[in-house]
Amino acid sequence: MNSVGIDAVAIHAGKLRLDLAETFAPAKGEDPEKYTKGLGLHASSFPDVEEDIVTMGANAAHKLMTRKGLEPDDIGRIDVATESAFDNSKPVSTYIAGCLEAVFEGDFHHANKGERKFACISGTQSLDDAYNWIRAGRNRGRAALVIATDTALYARGDAGEATQGAGAVAMLIAEDPDLVELSLEQGFGSADETDFLKPNQQFPSVDGKRSVQVYLARMREALEDYESVAGDVRAEDFVYAPFHTPFPGMVRKAALLAYRHVTRDTEIEDSLAARIGRQPRAEAFDDEDAFFESVREYMDALKETEQYQEWYEQAIEPTLDIARHVGNWYTGSVHIARASALRNARENGIDMAGESLLVGSYGSGAQAEIHAETVRENWTEEIDALDIDDQLAARRDISFEEYEEIHDVHNHDKEIDIDAFTTPSEEFIRDGLGPMDERTYRYVE
Ligand code: CAA
């Protein structure tokens, strides 16, 4: 069996932009640096009036299929990962397939379609499903389309409001892929948690502070599980570590813990010992509180070392470049972190062919997954084809009042009729409701 992985990727960002420092912070009476420095976010992307999870997903998939010269017959599976679905029965993938059938010759009648749910990790779980389907030999030579699409909106006034975002990532999963090969080994950290949930409601109920702790705990479990099959992970094993990024500050916390873990019992720990001591080991303490206090002191000192800061700048910071300007895309978030890292490598002339990524996905509720990816020979072509910078630059800036209007437009409990802020061109838009109250779509030339 040839290698299996991501052959191509296309991204669609919501077409509106809310500036957090200039627009959101003054309206909330907050210091702009809480967002830019604390959370690490500069702006959020929002869907315009005629955009939703279907149009964003279909636009990303359309771009990907056109660029790769694919027809519906080439696709044997369409999985949509989302936590913003508006129908408890009919999956978003059917709407997206319907959109695509309006512009491509042929149809997807023989493609298996579904919708995956486990908060933000379901995008990665859909990659898994596609990978397993291909490796099982059930794909009849066809590829799978995985689309992670979300409008990550919080109730107004919720602490999560600053981390909102909207966008879609379409990925083609195939044998002998052009972008990255997925490792056979993977690790999980999974537990019944109530950190973030939407019990039949559109906007999440969130215990924000707890969600941060759950993210860290499950990631750590997943890393240990991954190591149990792949061997110890060391800092030099991977060039970048793209992680689920609800906001860059979250990844900053995870990165410090990860660095402590991957440098334990290594030359790096030895080389730091003279300056900050060795890492505290639980067995050396009678009292758990004293151990945790000692770990906190070590981490504070580790954060200030040149070794850590250099590693962070090189392996983590580049994964956050896109997230900073778009906010949380839930299921798509870890997949824009990968794109962001590889785009950085391209800009800096780093030859990534054959190099590794350590990918950490997370979904509230809660589950983390860690796997490795090996970058393929043709990766540069795929990364050069990304048009995310143009999309971000073309977004329409919205005022705080316009933000409130657009938030209401996308609130399922409200009926707001306003004109779109942007003029659609060569894209799918939402254009109303059909006889069974189903959403309807059309392609605008
Ligand atoms: N200058 C610089 N930094 C500042 C600052 C200022 N003026 N003011 C505050 N900060 C810092 C704070 O110190 C804090 O950083 P540390 O955590 O490193 O100390 C950071 O900015 C945020 O400040 P607060 O903690 O006071 O912010 P908050 O309480 O208003 O909200 C949050 C933070 C609870 C995470 C909130 O954004 C939230 O609820 N988000 C949604 C939930 C979420 O994203 N959780 C992440 C894990 S769950 C997950 O990953 C799934 C998912 O996608 C949702």
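This write-up is about the structure you can find in this document. This is a predicted model, so every value here is computed, not measured.

Thresholds applied
- Residues numbered from 1 in each chain as written.
- Predicted model: local features only at pLDDT ≥ 70, side-chain atom pairs only at ≥ 80, totals over all residues.
- Heavy atoms only, no water.
- Pairing = 2+ DSSP bridges.
- Helix = DSSP H or I, 4+ residues; strand = E, 2+ residues; numbered from the N terminus.
- Contact = heavy atoms within 4.5 Å.
- Axes fitted to C-alpha atoms, helices over the stretch in contact; angles between N-to-C directions.
- Near = heavy atom within 4 Å.
- Polar contact = N/O pair within 3.5 Å; in protein donor to acceptor, adjacent residues only side chain to side chain.
- Nonpolar A, V, L, I, M, F, W, Y, C, P; charged D, E, K, R; others polar.

## Some details on the sheet that holds strand β13 (residues 396–397)
Then, number 1: Ordered by their spatial adjacency, three strands build an open sheet running β3-β2-β13, and the pairing between neighbours is mixed. The sheet is open, and its two edges are formed by β3 (43–46) and β13, each paired on a single side.
Then, number 2: The sheet contact formed by strand β2 (residues 16–19) and β13 spans two bridges and is parallel. Its bridge partner lying in β13, L16 is registered against R396.
Then, number 3: Sheet contacts for helix α1 (residues 20–28): β2 and β3; angle to β2, the most-contacted strand, approximately 65°.

## So, the site of the ligand
Then, number 1: In the vicinity of the ligand there are 26 residues, among which K34, K209, S211, H244 and K253 approach most closely.
Then, number 2: Between the ligand and K209 there is a distance of 2.5 Å, counted from an oxygen atom to a side-chain nitrogen or oxygen.
Then, number 3: H244 is positioned with one of its side-chain polar atoms (N or O) 2.8 Å from an oxygen atom of the ligand.
Then, number 4: Top contributing element to the shell around the ligand by residue count: helix α2 (residues 32–39), with five residues.
Then, number 5: Of the residues assigned to the shell around the ligand, the class counts are twelve nonpolar, eight polar and six charged.

## Looking at the side chain of T305
Then, number 1: Tracing the chain through its elements places T305 in the loop between α9 (288–303) and α10 (306–316).
Then, number 2: At a separation of 2.7 Å, a polar atom in the side chain of T305 contacts the main-chain carbonyl oxygen of L302.
Then, number 3: Residues contacting T305, with those up to four places away along its chain left out, are L272, R275 and I276.

## Things to note about the sheet that holds strand β4 (residues 75–81)
Then, number 1: Spatial ordering of the open sheet is given by β5-β4-β6-β7-β1-β8-β12-β11, a layout of eight strands whose pairing is mixed. Each edge of the open sheet is held by one strand with a lone partner, namely β5 (112–116) and β11 (356–363). The average undirected angle you get between the axes of adjacent strands in this sheet is 25°.
Then, number 2: Packed onto the sheet, helix α3 (residues 53–68) meets β1 (4–13), β4, β6 (143–152) and β7 (165–175) and runs at close to 125° relative to β1.
Then, number 3: In the packing of helix α6 (residues 208–230) onto the sheet, the strands contacted are β8 (180–190), β11 and β12 (367–375), and the crossing angle to β8 comes to about 120°.

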